[in-house]
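Examining the three-dimensional arrangement
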There are 2 protein chains.
Amino acid sequence: MLSLASSLPGFTTSSNPSLLQQHGKGESHHPSAPPCLVCSPADTSQVQALVRLCGEHGVPVVPHGAGTSLEGHLSHLDPRPSISLSLNNLAALASLSVPSRTATAGAGLTRLSLNEQLRGTGLHFSVDPGADASLGGMAACAASGTSAVRYGTMRDAVRAMTVVTAGGEQVNTGSLASKSAAGYDLNALYMGSEGTLGVITELTLNLHPLPSHVSSAVTVFPSLSAASKSVVDMLLLGVPLAKVEILDRSAIRAFNAYAANVPDLREAPTLFLEFHGISEEELAAQVAMAKDACEGHGSSEFEFAAGERERRELWAARHGTYYASVRLRPGAGGVVTDACVPLEHLAEVIEETAADIEREQIVGTVFGHAGDGNFHCILPVREDDPADYLAKIEAFNGRLIERTLAKGGTCSGEHGVGSGKMLYLKQQYNAPTVGVMRAVKKALDPKNIMNPGKIFSWDE
Amino acid sequence: MLSLASSLPGFTTSSNPSLLQQHGKGESHHPSAPPCLVCSPADTSQVQALVRLCGEHGVPVVPHGAGTSLEGHLSHLDPRPSISLSLNNLAALASLSVPSRTATAGAGLTRLSLNEQLRGTGLHFSVDPGADASLGGMAACAASGTSAVRYGTMRDAVRAMTVVTAGGEQVNTGSLASKSAAGYDLNALYMGSEGTLGVITELTLNLHPLPSHVSSAVTVFPSLSAASKSVVDMLLLGVPLAKVEILDRSAIRAFNAYAANVPDLREAPTLFLEFHGISEEELAAQVAMAKDACEGHGSSEFEFAAGERERRELWAARHGTYYASVRLRPGAGGVVTDACVPLEHLAEVIEETAADIEREQIVGTVFGHAGDGNFHCILPVREDDPADYLAKIEAFNGRLIERTLAKGGTCSGEHGVGSGKMLYLKQQYNAPTVGVMRAVKKALDPKNIMNPGKIFSWDE
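Residues numbered from 1 in each chain as written. Chains lettered and ligands numbered in written order. Predicted model: local features only at pLDDT ≥ 70, side-chain atom pairs only at ≥ 80, totals over all residues. Heavy atoms only, no water.

An unreviewed UniProt entry lists chain A under the name D-lactate dehydrogenase (cytochrome), with Tetraparma gracilis given as the organism. According to its UniProt record, chain A has this under Cofactor (unreviewed entry): "FAD". A UniProt comment under Sequence similarities (unreviewed entry) is attached to chain A, and it reads "Belongs to the FAD-binding oxidoreductase/transferase type 4 family." (UniProt positions renumbered as here; feature names shortened; annotations may be inferred.)

**Here we look at the overall build of chain A**
Helix and strand counts for chain A come out as 17 helices and 19 strands. Whereas a compact globule of 460 residues would reach a radius of gyration of roughly 23 Å, chain A reaches 22 Å, a difference of no more than 12%. Across its three principal axes, chain A shows a C-alpha extent of roughly 65 × 55 × 45 Å. Per-residue burial for chain A yields a buried fraction of 62% across its 460 residues. Across chain A, contacts joining residues at least 24 apart in sequence account for 72% of those joining residues at least 6 apart. As displayed, chain A has an accessible area near 16,000 Å², and 51% of this comes from carbon and sulfur atoms. Each charge class in chain A can be summarised by its mean position, and for the 35 positive and 48 negative side chains these summaries are 3 Å apart. (Helix = DSSP H or I, 4+ residues; strand = E, 2+ residues; numbered from the N terminus. Rg over C-alpha atoms; globule rule 2.2 N^0.38 Å. Buried < 20%, exposed > 50% of the residue type's maximum accessible area, 1.4 Å probe, protein only. Contact = heavy atoms within 4.5 Å. Areas by Shrake-Rupley, 256 points an atom, 1.4 Å probe, with all protein chains shown as cover. Lys, Arg positive; Asp, Glu negative; His and termini not counted. Charge placed at Lys NZ, Arg CZ, Asp CG, Glu CD.)

**So, empty space enclosed by the protein**
Taken as a whole, this structure holds five cavities of 30 Å³ or more when the rule is applied. Considering only enclosed or pocket space, the largest cavity measures out at about 40 Å³ in volume. Contributing to the lining of the largest cavity are Y184 of chain A together with T196, K441, N448, G453, K454, F456, S457 and W458 of chain B. A breakdown of the residues in the lining of the largest cavity according to their chemical character gives three nonpolar, four polar and two charged. (1 Å grid on protein atoms, 1.4 Å probe; cavity = no way out; pocket = protein on both sides within 12 Å on 5 of 7 lines; lining within 4 Å. Points joined across faces, edges and corners; volume = space filled by probe spheres on them. Nonpolar A, V, L, I, M, F, W, Y, C, P; charged D, E, K, R; others polar.)

**Quick word on the nonpolar core**
Counting residues in hydrophobic clusters, the biggest one holds 224 residues, and the most contacted among them are F125 and M154 of chain A together with F125 and M154 of chain B. Residue contacts for M154 of chain A: discarding those within four places in its chain leaves F125, V127, L135, M138, A139, A142, A143, M191, L203 and L205 of chain A. Judged by nonpolar contacts, the second largest core, of 16 residues, contains L247, L265, W315 and V336 of chain B. (Core = buried A, V, L, I, M, F, W, Y, C linked by side-chain atoms within 4.5 Å.)

**Structural notes on the relation of the copies chain B and chain A**
Of the two same-sequence chains, chain B is brought onto chain A (RMSD 0.0 Å, axial shift 0.0 Å) by a rotation of 180°. Taken together, the rotation and translation describe the operation of a two-fold axis. Nearest to the rotation axis, the C-alpha of E282 of chain B is located 2.2 Å from it, this being the minimum over chain B. Taken as a fraction of all interface residues of chain B, those also at the interface in chain A reach 100%, which identifies the copy contact as same-surface. (Least-squares fit on C-alpha atoms with pLDDT ≥ 70 in both.)

**Some remarks on the UniProt feature "domain: FAD-binding PCMH-type" (unreviewed entry) in chain A**
UniProt feature "domain: FAD-binding PCMH-type" (unreviewed entry): in the numbering of this structure it lies at residues 30-210 of chain A. Secondary structure across residues 30-210 of chain A comprises 23% helix and 27% strand; the distance between its end C-alpha atoms is 37 Å.

**A look at the pairing of strand β4 (residues 83-86) of chain A**
Residue and element names in this part refer to chain A. On β4, burial covers both faces: I83 and L85 on one face and S84 and S86 on the other are all buried. Two strands pair when backbone bridges link them, and strand β2 (residues 37-40) and β4 are joined in this way by three bridges, in the parallel orientation. Across the sheet, C39 pairs through a bridge with L85, a residue of β4. As paired strands, strand β3 (residues 61-64) and β4 are joined by four bridges and run parallel to one another. When the bridges of β4 are listed, P63 appears paired with L85. (Pairing = 2+ DSSP bridges.)

**Re the domain arrangement of chain A**
According to the domain assignment, chain A contains domain 1 (93-209), domain 2 (213-322) and domain 3 (328-406). A separation of 30 Å is found between the C-alpha centroids of domain 1 of chain A and domain 3 of chain A. (Domains from an automatic or database assignment.)

**Let's talk about the interface of chain B and chain A**
Each partner contributes to the interface: chain B provides 87 residues, whereas chain A provides 88 residues. Where chain B abuts chain A, roughly 6,400 Å² becomes buried across the two surfaces, and 62% of that area is made up of carbon and sulfur atoms. Counting across the chain B and chain A interface gives six salt bridges. Ionic pairing is found between D372 of chain B and K179 of chain A, a salt bridge with its closest N-O pair at 3.4 Å. (Buried area = accessible area lost by both parts, 1.4 Å probe. Salt bridge = Lys/Arg side-chain N within 4 Å of Asp/Glu carboxyl O.)

**Considerations on the sheet that holds strand β1 (residues 12-14) of chain A**
Residues and elements named next belong to chain A. With respect to topology, four strands assemble into an open sheet ordered β1-β2-β4-β3, the strand pairing being mixed. One side of each edge strand has no neighbouring strand; the edge strands of this open sheet are β1 and β3. Taking the axes of each pair of neighbouring strands and ignoring which way they run, one obtains an average angle of 25° across the sheet. One ladder, built from three bridges, connects β1 with β2; its direction is antiparallel. Considered in β2, the bridge of T12 is made with S40. Of the strands in this sheet, β2, β3 and β4 are in contact with helix α3 (residues 44-57), which crosses β4 at around 170°. (Axes fitted to C-alpha atoms, helices over the stretch in contact; angles between N-to-C directions.)

**Section: unusual backbone geometry**
Residue and element names in this part refer to chain B. Even without a glycine there, the phi angle at E194 is positive, about 55°. Locating E194 in the fold gives a position in the loop between α8 (186-190) and β10 (198-206). What makes E194 buried here is its relative accessible area of 4%.

**Comments concerning the packing of helix α14 (residues 346-360) of chain B against helix α15 (residues 387-406) of chain B**
Residue and element names in this part refer to chain B. Their axes nearest at 11 Å, the elements α14 and α15 cross at an angle of 160°. Between α14 and α15, the interaxial angle falls into the category roughly antiparallel. When you trace α14 past α15, the crossing you get is right-handed. Between α14 and α15, the residues in contact are V349, E352, T353, D356, I357 and E360 and K392, F396, R399, L400, R403 and T404, respectively. Among the residues making up the contact of α14 with α15, the classes are represented as four nonpolar, two polar and six charged. (Parallel < 35°, antiparallel > 145°, perpendicular 65-115°, else oblique. Left-handed = near helix turned anticlockwise from the far one by under 90°.)

**As for the side chain of T404 of chain A**
Looking at the secondary structure, you find T404 of chain A in helix α15 (residues 387-406). What T404 of chain A contacts, discounting residues up to four positions off in sequence, is A339, C340, V341, V349, F375, G409 and T410 of chain A.

**What about the environment of A370 of chain B?**
Residue and element names in this part refer to chain B. As for its placement among the helices and strands, A370 is situated in the loop between β18 (365-369) and β19 (374-381). With a relative accessible area of 0%, A370 lands in the buried category. Apart from residues no more than four positions distant in its own chain, A370 is found in contact with V231, V244, E245, I246, L343 and L346.

Below, the structure written as structure tokens:
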């Protein structure tokens, strides 16, 4: 590491201990495993030079955006001394095309900052994973969020990327066109590869027109199952829901205690809905059809957020579910689960999960992006919790994944695998499937320097 | 090959010369390069056994669906004796989930046959590349078509695949859930890999609700540029166009001569539009907004297809543009180009392309999926055409690609690379980018038996 550091005169580096601690953990509940050094290159060519040097010295590189990943993606677990490569200095909006509905930005730019800079253009960037993640990190982790049901996930949002390979070469994936059939889809290969194949330095993103007419509503159901079934029906009817979030009783309880700006909601299985329309009539048609579908499953109190402010508060509160949930136990941090099932099975899986929490007498909320079949539990844990409580939480998550995989689902809908879900990945895929991933990794990073030890093990 | 043939007692094989000729060409304008044998396995495990045998004997395998690919994908150019692996016997609809909006089908099932079997379910499979392609072939070539602007391309349509690797192992990509962040996106890796990495044997596909309200319209513009700009505006306004096709004067001329069931259209730059709605009011709101946007660019004669029959005839005729275009020169076959540009540049690129055709005094039509920036030229050529006419066509296509790449576009929007566009792929991507594709190929098919010599060369 010393010999590497001495060859880094042109780079901004830091070995401030608290910065190193932070870079080895981020917002993940997994313990910090810090790097030896944080390097902050100024541009793609500096990233190339840095990665080349790391290759020569056998130094692992963990790319770091805003640090909002949740599954131990940022931990420096490899025994070799390693660096955290911060993309903070690559955070400019390089170009914008309104007619093509695209923006090209540095990987370190965050999604909220991008949207801030898009103000007045009539366009917005739709992927909203709650946290103000960096765009590069969102691509690396295949992020999504509340608006995926209508506008898609990060996979749908990226046209092209600049990626620095483990060998320090610059690769340009995709094209600026809205689609392409020219060769292997390298865009998609780097997407969700969690920094294990290269460093994303720039992205061209799809933008969407801001809806001219918006309406939000909250409605409650006799059961989570009834709420899930109404989502199935709305989507089968073709209602282009902009957002449809499901929350269980505990989540509403947490939410009421936390969200001071929003009137308390009834503690019942609930859907938060948002509709985007091009005209008053078109929006009204969507809402009427959705309301009918919900009422068919016993929904009541179809309440609309009155104005833009109330709507923003509602969704800000929804995005605060993490903080609201961990506050159910003072002084706690949160273990977050993330599973996704085919919509047909959402009702059953989510009901069983909520029942499991009750049966085990653990504290936890259940909520999620119902339109995608993606749901989360937040389980507040404290540092002074006895080992058997933590074991209960772990066993609960294990059963949740088993239940999910049994229904053809996936062990991660949007948080990724990192170091935290490697066992579950092996449960989800057969050995040849993980073998293909491993073969790709070995071909593109033969020295295993790019975020080593994540997603799957280097050796079988 | 003889030693291989003798180890294939359980397989359906054929060496009928006309079948071999057909399997080495399909609908491509590239000359046939036939296999030595056509093998038609009965299921995934037979595909595995066959590919394993081929690996042992060093026999190249070219997967074959419906034979509708256009860029020499099916040609057996490798000097080693090779087989065509037909997926014809893997053509069953294995399962259907209406609540999840998914169908699982064998790779040999064609898209029209799938939609036939979906009748009465309220769902349809949306990707429509014109030809009645097989679903596996559509995934292998990253197909799209007229409805991509609203419902997405094949990349958006596939949740999970069963793939047989070059080593004969069975890999399961993705999951049955609507999204996943669990490991590398192998779904996307095999998508568009044109049979060079493995054989797709089964797919789970996203379906969409059939729209309850549909309207189609035809409108003409003073120029291709005006037509393109109105498409930009409609999409910026958020009109969820189901289809939006652009056709130049020559295409309309060809279309009038060919489509007996449809009244003649004025020979002018034209848009064909389709709108899908959930109610009469919602549909009317879309149409009104689209009409306004078109009129803002000088459109006139916004004519609606009166009933379902007229609408079907209109789109059937549009899908017949290939046949209509080649008939502009009796006895000809068609060279089809396929480029895609960012929407901002569609007006300019398509105008220059139409002007190039006129300037060169070649016969050709220009049309395409305007919402995606994807356009085609069909250039009828005859076997007795002098060499300099063919040279003109080739030079024209070269200029078209150069023009496209200069604007950040792609050398293939939806037809793929095959053997026909390998040179253009090298123009589009820098050497390290093609190098990553090559490294993946060598890692997953070390003996180079899977559709060898396509997309990029094995050696640099």
